[in-house]
Amino acid sequence: MARLPIIDPGKSSGKTKELLDAVNGKFGMVPNTFKVMANAPAVLEAFLAFNGALGSGTLDPQIREQIALVTAQSNHCDYCLSAHTAIGKLVGLKEQEIIASREGRGSTARTTAALTFAKQVLDGKGRVSDENVQAVRKAGFSDGEIAEIIAHVALNVFTNYFNVATQVDIDFPIVSFAKAS
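Take the pattern of salt bridges next. In total, this model carries eight salt bridges according to the counting rule given. Here R105 and E103 are joined by a salt bridge, their closest N and O atoms 2.3 Å apart. Across the pair R137 and D143 runs a salt bridge whose closest N-O atoms are separated by 2.7 Å. Residue classification places R137 among the partly exposed positions, given a relative accessible area of 34%. Taking the relative accessible area as the measure of exposure, D143 reaches 49% and is therefore partly exposed. Among the charged side chains, a salt-bridge network with shared partners connects K15, E18 and E45.

Turning next to the nonpolar core. Residues L20, F34, M37, L44 and Y79 are the most contacted members of the largest nonpolar core, which totals 27 residues. If you list the elements that add at least two residues to this core, you get α1 (14–27), α2 (32–37), α3 (41–55), α4 (61–74), α5 (78–90) and α9 (143–166). For this core, the leading source of residues is α5, giving four residues. In this view, L44 contacts L19, L20, F34, M37 and A38; residues no more than four positions away in its chain are not counted. Within the second largest apolar cluster, 17 residues are counted, among which are V70, F117, L122 and V133.

With that settled, the discussion passes to the packing of aromatic side chains. Applying the stated criterion across every chain, the model contains five aromatic pairs. Seen in terms of ring centroids, F34 and F47 are 5.4 Å apart; in terms of plane orientation they differ by 40°. Their pairing is tilted. A residue pair is termed long-range when its members are at least 10 positions apart, and F34 in helix α2 and F47 in helix α3 qualify at 13 residues. Like F34, the residue F47 is buried in the burial classification. Grouping aromatic residues by their ring pairs yields a cluster made of F27, F34, F47, F158 and F162. The residue whose ring lies beneath R110 is F141, and the NZ or CZ to ring-centre distance is 3.8 Å.

What counts, and where the lines are drawn
- Residues numbered from 1 in each chain as written.
- Predicted model: local features only at pLDDT ≥ 70, side-chain atom pairs only at ≥ 80, totals over all residues.
- Heavy atoms only, no water.
- Salt bridge = Lys/Arg side-chain N within 4 Å of Asp/Glu carboxyl O.
- Buried < 20%, exposed > 50% of the residue type's maximum accessible area, 1.4 Å probe, protein only.
- Core = buried A, V, L, I, M, F, W, Y, C linked by side-chain atoms within 4.5 Å.
- Helix = DSSP H or I, 4+ residues; strand = E, 2+ residues; numbered from the N terminus.
- Contact = heavy atoms within 4.5 Å.
- Phe/Tyr/Trp six-rings, centres within 6.5 Å; stacked < 30°, edge-to-face > 60°.
- Lys NZ or Arg CZ within 6 Å of the ring centre and 35° of its normal.

Spelled out as structure tokens, the structure:
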């Protein structure tokens, strides 16, 4: 059970209602994580703005979801693993790609380089070496894409920490960090 109330979109008003209605319009539903973030409309608004901005970036949806998966696995966030497994399938990731992503492996050298770099950002809490940056560049990522990888890690760390701390009830098919296969 969530540690913070799950806000009912049908009973909300003002900014909270506006934000939850926008989520429903975009996704056709309001996932529990957004209902819990709605306890502080500023939190939900910040997440939606950051997520929306990165969604229009240059990284493709598959790599974005793979970064979300490796981040959720590293942070032991079952809610995000569950959500991003479902979303990953929607953007075309196969089951084996989802499992491999959680372990930091991609189906191509380029994807593996992105996931390795994402994991280095996570493990180093942002402290990466010149060699780490050069390796992801050598794999074909531009400086802008490298910036986006870092931003996706940060966004996903936020949602991981939020969901773990508040124990948001999972409303997707459940996936556990304990089982990568």
